[in-house]
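Results of the structural survey
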Amino acid sequence: MKIVQILGGPYENGGLFWNLCLLRTEDGVMWEEEIYYDSPADALSDFEDLRKFGPIEIEDEDYDDI
C-alpha cells in the first residue's frame, strides 16, 4: 500500500503525531486514513518525500491500524 497524498497535518493528539493521508493498494483501492509517526519531524518529512519522489510505500510490518 502507498501514501499517494497527504490531505492534512501534521496533527498532534495526546503525544501522537499523525497526518490524514490518501492511501492506495496495489489493486487501486483508495481510502483516507490517519498515519501515525514517532515525531512531528517524521510527519513533515513525508510531505517532502511525496513532493520529491511520489507515492510512499508503506511496508506491512510498519503499518499499524490504531
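Look up a bit, the structure's there.
Residues numbered from 1 in each chain as written. Predicted model: local features only at pLDDT ≥ 70, side-chain atom pairs only at ≥ 80, totals over all residues. Heavy atoms only, no water.

What follows covers the overall build of the protein chain. Within the protein chain one finds one helix and four strands. When the 66 residues of the protein chain are sorted by exposure, 29% land in the buried category. Taking the contacts inside the protein chain whose residues are at least 6 apart along the sequence as the reference set, 36% of them involve residues at least 24 apart. Total accessible area on the protein chain stands at roughly 4,500 Å², and carbon and sulfur atoms take up 48% of it. (Helix = DSSP H or I, 4+ residues; strand = E, 2+ residues; numbered from the N terminus. Buried < 20%, exposed > 50% of the residue type's maximum accessible area, 1.4 Å probe, protein only. Contact = heavy atoms within 4.5 Å. Areas by Shrake-Rupley, 256 points an atom, 1.4 Å probe, with all protein chains shown as cover.)

It is worth spelling out a negative patch on the surface at this point. On the surface, Glu26, Asp27, Glu57 and Glu59 cluster together into a patch of negative charge. Inspection of the secondary structure assignment puts aspartate 27 in the loop between strand E2 (16–24) and strand E3 (30–37). Overall, the relative accessible area of 65% leaves aspartate 27 in the exposed class. (Patch = residues over 30% accessible without salt bridge, like charges linked within 9 Å, V, L, I, M, F, W, Y side chains within 5 Å. Salt bridge = Lys/Arg side-chain N within 4 Å of Asp/Glu carboxyl O. Lys, Arg positive; Asp, Glu negative; His and termini not counted. Charge placed at Lys NZ, Arg CZ, Asp CG, Glu CD.)

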